[in-house]
Structures are given as structure tokens and as C-alpha cells.
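Structural features, examined
Spelled out from the first residue to the last, the chains are:
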Amino acid sequence: MSAVLAGPCVSVVDTAVEVGAGRLPAVDVARRTLSAVESHDAVLCAVTDLYRERALADAERVDWLVGRGDDPGSLAGVPFAVKNLFDVQGHPTRAGSVVEPDRGPAPADATTVRRLRDHGAVLVAATNMDEYAHGFTTENSHYGTTRNPRDTDHLAGGSSGGSAAVVAAGLVPFALGSDTNGSIRVPASLCGVFGLKPTFGAVSRAGTTLFVTSLDHVGPLAATTKDLAAVFDVLVGADPDDPVSTTVTAEPALPQLERGVDGLRLAMAGGHFLEVAGEEVLTAVEAAVRPLDVHRVVEIAGSSEACAASSVITSAEAGQRHLSRLRTRAQDYDPAVRPALIAGALVPSADYLAAQRFRRHYRDVVQRVFQDVDVLVMATTPCTAPRVGERVMQVRDEELSIGMSLGLLTQPWAFLGLPALSIPVRGIGHLPVGVQLVGRPHTEAVLLRVARSLEAAGSTLSGWS
Amino acid sequence: MCAQTLAGSGEELEELVRHASAVLGLAITEGDRPAVVAHLGCLRAFAARVGDPAEEPAMVFHP
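Computed from a prediction, not measured in an experiment: that's the story for all the values here. (Residues numbered from 1 in each chain as written. Chains lettered and ligands numbered in written order. Predicted model: local features only at pLDDT ≥ 70, side-chain atom pairs only at ≥ 80, totals over all residues. Heavy atoms only, no water.)

A few points about the overall build of chain A
Helix and strand counts for chain A stand at 16 helices and 17 strands. Classification of the 465 residues of chain A by burial places 65% in the buried group. If you take every contact in chain A between residues at least 6 apart in sequence, the share linking residues at least 24 apart comes to 77%. Summed over its atoms, the accessible surface of chain A is roughly 15,600 Å², and 49% of this surface lies on carbon and sulfur atoms. (Helix = DSSP H or I, 4+ residues; strand = E, 2+ residues; numbered from the N terminus. Buried < 20%, exposed > 50% of the residue type's maximum accessible area, 1.4 Å probe, protein only. Contact = heavy atoms within 4.5 Å. Areas by Shrake-Rupley, 256 points an atom, 1.4 Å probe, with all protein chains shown as cover.)

Examining helix α1 (residues 12-20) of chain A
Residue and element names in this part refer to chain A. Among the residues making up α1, those that are buried are V12, V13, T15, A16 and V19. Viewed along the axis of α1, the buried residues span an arc of 165°, placing them on a single side of the element. Each element contacted by the buried residues of α1 is listed here: α2 (26-44), α3 (52-68), β2 (79-83), β8 (174-179) and α7 (225-235). Residue G22 follows α1 closely and has a positive phi angle near 80°. (Arc of directions from axis to C-beta.)

Description of the layout of surface pockets
Space inside the largest pocket adds up to approximately 1,500 Å³. Lining the largest pocket are 47 residues, and of these S401, I402, G403, M404 and S405 of chain A lie nearest its centre. Going through the elements one at a time, α10 (303-321), β14 (392-395), β15 (398-401) and α14 (402-405) of chain A together with α2 (33-50) of chain B are the ones with two or more residues in the lining of the largest pocket. If one sorts the elements of the lining of the largest pocket by residue count, α2 of chain B sits on top with seven residues. In this structure, the second largest pocket encloses a volume near 260 Å³. Every residue lining the second largest pocket is counted, 15 residues in all, and those nearest its centre are E280, C383, T384, Q394 and V395 of chain A. Examining the composition of the lining of the second largest pocket, we find that four residues originate from one element, β14 of chain A, more than from any other. (1 Å grid on protein atoms, 1.4 Å probe; cavity = no way out; pocket = protein on both sides within 12 Å on 5 of 7 lines; lining within 4 Å. Points joined across faces, edges and corners; volume = space filled by probe spheres on them.)

So, the nonpolar core
Residues and elements named next belong to chain A. Within the largest apolar cluster, 128 residues are counted, with the highest numbers of intra-cluster contacts made by L116, F174, I300, Y362, L376, W413 and L437. Those residues within four positions of F174 in sequence are excluded, and the remaining contacts are V12, V78, P79, F80, A81, L116, A121, V167, L221, A222 and V231. Grouped together as the second largest cluster of nonpolar side chains are 41 residues, V19, A156, A175 and A188 included. (Core = buried A, V, L, I, M, F, W, Y, C linked by side-chain atoms within 4.5 Å.)

Let's talk about the packing of aromatic side chains
Aromatic rings in a pair are described by how distant their centres are and how their planes are angled relative to each other. By the definition in use, this model includes six aromatic pairs over all chains. Grouping aromatic residues by their ring pairs yields a cluster made of F358, Y362 and F415 of chain A. (Phe/Tyr/Trp six-rings, centres within 6.5 Å; stacked < 30°, edge-to-face > 60°.)

In C-alpha cells, the structure reads:
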């Protein structure tokens with residue numbers, strides 16, 4: 001076993017305070033971050049692009065604003081990374097692939113990248129991912145396999161594996177990922193960081209390479225609840241450039257973070273959510289959430305079918321999205337992804353439409369559950385990080401395909417577009433476990449309050465110790 | 001589940017892959033064909049589990 005920890009990294013909030021007060025030059029932060037990435041990424045394989053010139057120029061601008069006495073923004077000088085499906089002005093967007101060699105430099109930043117920059121954050125790197133976000137392992141035949149910083153013999157998870165790894169290693173205090181079936185929460189769970197999949201439409205997807213239009217979300221990963229809340233508050237908001245963007249205004253999460261859990265009705269998710277999680281994982285989850293005093297268990301009928309329906313929608317939409325390139329450049333795809341995309345393109349429309357109809361049915365079931373529950377609690381992944389190269393995982397004497405099964409606990413919530421947060425807790429041996437919180441639409445602030453309560457009780461793996 | 005489905009309907013799946021890929025203009029290599037058939041078998045098994053609910057579809061879904 002070997003771990004990779006560059007830090008301790010300076011948190012989002014502390015960096016912004018020190019830079020904003022003129023006590024810490026943003027340029028120094030940027031240089032140190034770039035140096036740390038260069039020193040450690042050879043082992044991790046988490047970074048695909050380093051934006052040295054842009055990072056130093058952005059940091060100099062922040063220092064200039066501070067020097068003039070202007071407000072440099074709530075994320076002044078905070079370095080961050082993005083999964084390499086976010087557009088970065090002047091650079092081609094890889095999306096984990098080499099299928100589109102003629103794709104020119106992006107004409108503009110993705111909306112989320114622009115918002116972060118407008119608030120003073122400094123983009124330093126783009127991170128590795130499964131090709132076109134298709135997968136849960138970040139084993140990419142073009143850009144390599146991202147290693148788990150907690151133990152480099154193990155996978156980081158995916159598809160936002162590079163983003164989870166750079167945060168867990170302390171290279172940057174936060175990163176952005178995307179989540180279609182669990183691709184923020186799964187790597188967050190396996191690497192031991194916080195990962196938030198916001199409500200569908202709450203955070204703009206404009207300027208990202210989409211995988212599945214009906215299910216894609218983007219969101220942040222960070223090492224503390226405070227950092228996650230600070231970043232979420234900048235990201236959230238309507239965007240006319242994103243056709244699925246909502247106009248509902250979420251309440252800022254950071255000011256509410258210390259409000260505690262009094263008055264909130266919490267329940268463990270039963271049935272499917274207990275059946276597909278390993279016993280050791282459930283033991284770790286139960287121990288971690290003990291301070292919350294959750295005694296109620298609720299069954300959510302149809303959750304297994306929701307995973308099945310989500311897989312059908314995912315495959316059919318992804319297959320259609322890639323159909324023209326599958327006709328002309330099929331051999332340029334990752335060999336692990338190509339057959340799945342082709343199969344998706346062949347899914348009969350009747351199967352796809354039935355899956356979309358089931359989505360409405362399952363939403364009605366879950367809405368009834370949320371009539372007298374505020375937050376559902378469950379594990380994020382069925383197991384801890386599998387070893388690199390493993391293809392099956394053992395859960396309750398059953399062998400499950402890692403590629404198909406790491407998302408069994410996360411899929412239903414992206415399927416419904418509900419906010420879901422993975423919290424890192426002590427797991428089995430040296431590998432962490434994720435506790436997943438799920439709430440009603442636009443209740444990210446509530447989920448972060450619950451997470452903060454667990455963090456304050458010492459139940460989480462926060463920071464970079 | 002997927003394996004059981006494949007065992008019962010392998011020829012049907014092979015035929016679906018042959019027919020649909022021809023209609024869509026997709027050339028599938030012999031190396032990829034078994035994996036494509038296996039993936040499609042899983043997806044059809046998933047669809048069978050979902051059934052055919054009566055609700056109207058929610059194509060673009062705001063919660």
C-alpha cells in the first residue's frame with residue numbers, strides 16, 4: 001500500500017480569507033499548487049491538462065484587485081480543477097476521448113468555470129475521467145487509470161475519478177465533476193471526500209460535454225462541508241444558456257451550515273439500499289451516523305427497477321449521441337466503452353420510452369416518502385475502493401460486476417434529479433466509506449447542515465489529516 | 001440476471017444486433033460483437049424489469 005498526500009492543502013475558505021486580506025499572494029498559492037500537481041501526478045494519473053499560464057495570470061489579477069482595495073471575490077485565489085469535459089477557453093475539451101481530434105479550442109469557459117473565475121477562483125488543471133463519462137472506474141485507455149490517493153493499489157472510482165483524487169490528495173481544495181448515475185458521488189466515496197450532486201437543473205451544464213441529456217448534473221467535490229457549501233453557493237443559479245436550468249433560487253448554504261439538525265426528520269433508506277450494500281459498509285455507515293440518532297427505516301418500492309430504467313435511458317441516449325461518430329470513427333473509442341455505446345444505439349425506442357415512463361412512476365413513489373421525511377440516509381457505494389484491475393466485487397457472498405454495480409445506490413437519485421451528497425467516513429481498514437444523504441429538490445443547504453453536524457461530531461474524514 | 005436472459009434468447013439478440021446495426025449503418029467488428037450482444041442483452045433484461053408503466057413519460061425531468 002502507498003498513499004499520496006501532497007497537503008495539507010489550505011481550505012477554500014481559509015485561502016480566500018488570507019488572499020482577500022492581502023496576507024497571502026494568490027500567485028504564491030497558484031505556483032505552489034502547480035508544483036504540487038507536477039510532483040505527485042505521475043503516481044496518481046489524475047490530471048490531463050495543467051493550465052500554468054492561465055492560472056498565473058488569473059492569480060496575478062486577483063492580487064492586483066486586492067492591491068487596489070477592490071473585492072477579489074468570495075473564492076479569491078482558491079485553486080481548483082475541473083473534469084476534462086468542462087470547456088476551458090482556448091483549450092480543446094477532451095471528455096476523456098481522442099475521437100474528436102478536430103475539435104478546436106473551446107471558444108469560452110463553461111458557465112460554471114466562468115462563475116468560479118468571476119468570484120476569484122483560479123483554474124489550474126483538468127482531470128482524468130472515463131471516456132465520455134461512461135463508467136465508474138476512471139480506467140481510460142487513452143489517458144491512463146487514476147489511482148486512489150488513499151492507496152494507489154486501488155481505484156479512484158469514476159467517472160469523475162481525477163477530480164476526486166486531486167482533492168483527496170490535497171492538490172487542490174475543490175474540483176468540479178459531473179454525475180449521470182453517480183459519477184461525482186462514487187469517486188467521492190471511494191477516495192474519501194465530499195461530493196455533491198445538486199438538484200437537476202440547479203447548476204448550469206452549459207459548456208460541458210453532455211453524456212445523457214436527461215440525467216446529467218454537474219457539481220463540486222471538496223474536503224470539508226464549509227468548502228463545499230462556499231463553492232456550491234457560487235455555482236448555483238439559473239443560466240439561459242442551459243435549456244434544463246431551473247429558475248428556482250436555492251437558499252445559500254454557507255450561512256445555514258451551523259444550524260444543526262433539530263427539527264429535521266431523518267430516515268435510513270431500507271429495502272434495495274440495504275440489500276445491495278456490503279455488511280461491513282453498512283456497519284461503517286451506522287457507526288458514522290450514530291450522532292444523528294436515526295431510528296426509522298423507510299422502504300422505497302421500485303428502487304431496483306429505477307436502476308434498471310436509468311441504465312436503459314443512459315445507454316440509449318449515449319448511443320444516439322455518439323451514433324454518427326460510431327459510424328465513422330468507431331475504432332478510436334476506448335475498447336471498453338465502444339461496445340456499450342453501440343449496444344445503446346440499438347436499444348428499441350419502446351424500451352427507452354417505458355424507462356422514461358417508469359421515471360414518472362418512481363418520482364411519485366419517492367414524493368410520497370418525502371411527505372414525512374426530510375433527509376434519507378444510506379451508503380453511497382456497495383463496497384470500498386476495488387483494487388486496480390479487478391472486474392468483480394464481492395457483496396454478501398455475491399459477485400457483482402464493478403462496472404455495472406458501483407452505482408446501484410446512487411443511480412436512483414440522479415434518475416429523479418434529487419440533491420444527493422456523499423460524506424466521507426471511516427471505513428474498512430484504511431479505505432473510506434461514503435454516507436449518502438438525499439433530500440427534496442433544492443434542499444442542498446439542508447443536506448450540508450446534516451453533513452456539518454456529522455463533521456462537528458467527528459464522524460467524517462474532513463480535511464487532509 | 002443478464003446471463004440468464006442471454007442464455008434464453010441469444011439467437012434473438014444476435015439477430016437484433018445484426019438487423020439494427022445494418023439499419024443504422026454501424027459496422028461491428030467480430031471482436032466487439034460478443035460484448036455488444038452481452039450489453040444489449042443486459043439492457044433488454046433491464047427493460048423487462050421496468051415493464052411498461054402507464055404514466056406519461058418525463059422526457060426532460062424537473063424534480
